[in-house]
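Working through the structure, step by step
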Amino acid sequence: MKILITAATEPTSNMTVGEFIAQAKQIYNEYFPNSECIAGNRRLFGLEYIIIDWLLSADVTECANNIRQNDMFHIAFSIDLEDNTESGKAYEVTIYDNSKRNDMPMPSIVTMDVMHKSYTTKPENKYMAYGRKALPFRKTTGSPEKILATLRKYAQKLHAMLEEDLANDNIHENHADLLRSKL
């Protein structure tokens, strides 16, 4: 199978998609070195995206009932690889080959959407098993470097909020010990 990837004529970043993903993981691991950041690029609805999931657990065995969706964090971002210029698309993928995705250059302007932005806390209502605390994250558009700086700011804010909630006893007992070991 052959692949044909043509980049837009607009300027692109000096960074490749693979380099961006590696730096995004590195930023998260600076604040949560014993946790996992799952990041990779995907093709959804004919468009290229980078998906980033932040997890408290480093391994599925740290999650309740060994189910990854039981992780304390529910935090994910999507970064579309559409160049936000007048021309539209950054990439035209005629025949798709997964092995070539990380070698594509990042567009000069990208948009990061926040897909999920909360973590598990103690419930506020006695009839609930858990509560959730939302994080002040929002959509950001800019250069890949600006997006990485925003991810750093978000990781720093998440770390500070978790420390505060742990100190104020707002973290559910099912997650408190794991969180203490990760901070």
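Residues numbered from 1 in each chain as written. Predicted model: local features only at pLDDT ≥ 70, side-chain atom pairs only at ≥ 80, totals over all residues. Heavy atoms only, no water.

1. Considerations on the packing of aromatic side chains
Formally: Here the aromatic set is Phe, Tyr and Trp, taking the six-membered ring for Trp, and pairing holds for ring centres within 6.5 Å; pairs whose planes are under 30 degrees apart are stacked, those over 60 apart are edge-to-face, and all others are tilted. Secondary structure follows DSSP: runs of H or I at least 4 residues long count as helices, runs of E at least 2 residues long count as strands, and numbering of each begins at the N terminus. We call a residue buried when its accessible area falls under 20% of the maximum for its residue type, exposed when it is over 50%, and partly exposed in between, using a 1.4 Å probe and counting protein chains only.
Under the counting rule described, the total for this entry stands at eight aromatic pairs. Here Tyr-28 and Trp-54 contribute two aromatic rings whose centre-to-centre distance is 4.9 Å and whose plane-to-plane angle is 25°, an arrangement assigned as stacked. In this pair, Tyr-28 is assigned in helix α1 (residues 17-31) and Trp-54 in strand β4 (residues 47-55), connecting sequence segments 26 residues apart. Among the residues examined, Trp-54 registers a relative accessible area of 1% and is labelled buried. With a centroid separation of 5.8 Å and 85° between ring planes, the pair formed by Phe-32 and Phe-73 is classed as edge-to-face. With a gap of 41 residues between them, Phe-32 in the loop between α1 and β3 (36-44) and Phe-73 in strand β5 (residues 73-80) connect regions that are remote in the sequence.

2. Quick word on the side chain of Lys-182
Which entries qualify depends on this criterion: Here a polar contact is taken to be a pair of N or O atoms separated by no more than 3.5 Å, where protein atoms must pair a possible hydrogen donor with a possible acceptor and residues adjacent in sequence count only if both atoms sit in side chains. Note on definitions: a residue-residue contact is assigned when non-hydrogen atoms from the two residues lie within 4.5 Å.
Relative to the assigned elements, Lys-182 resides in helix α3 (residues 173-182). A residue is classified by how much of its surface remains accessible, and Lys-182, at 4% relative accessible area, is buried. At 2.3 Å, the side chain of Lys-182 forms a polar contact with the backbone oxygen of Asn-34. In this structure the side chain of Lys-182 is engaged in a polar contact, spanning 3.1 Å, whose partner is the side chain of Glu-62. Those residues in contact with Lys-182, other than ones at most four positions away along the chain, are Asn-34, Ser-35, Leu-56, Ser-57, Ala-58 and Glu-62.

3. Quick look at the confidence of the model for the protein
For clarity, the threshold we go by: The quantity known as pLDDT measures the predictor's confidence residue by residue, on a range of 0 to 100.
In the predicted model, the protein carries a mean pLDDT of 81, and 81% of its residues have values of at least 70. Long-range and interchain partners of residues 1-11, a stretch whose pLDDT sits below 50, account for 27 contacts in this model, where long-range means more than four residues apart. With pLDDT under 50 throughout, residues 84-96 is counted as low confidence; its partners more than four residues away or in other chains account for 44 contacts.

4. Brief notes about the side chain of Thr-120
Inspection of the secondary structure assignment puts Thr-120 in strand β8 (residues 110-121). When its relative accessible area of 6% is taken as the criterion, Thr-120 is described as buried. Those residues in contact with Thr-120 that lie beyond four places of it in its chain are Asp-71, Met-72, Tyr-130, Gly-131, Arg-132, Ile-171 and His-175.

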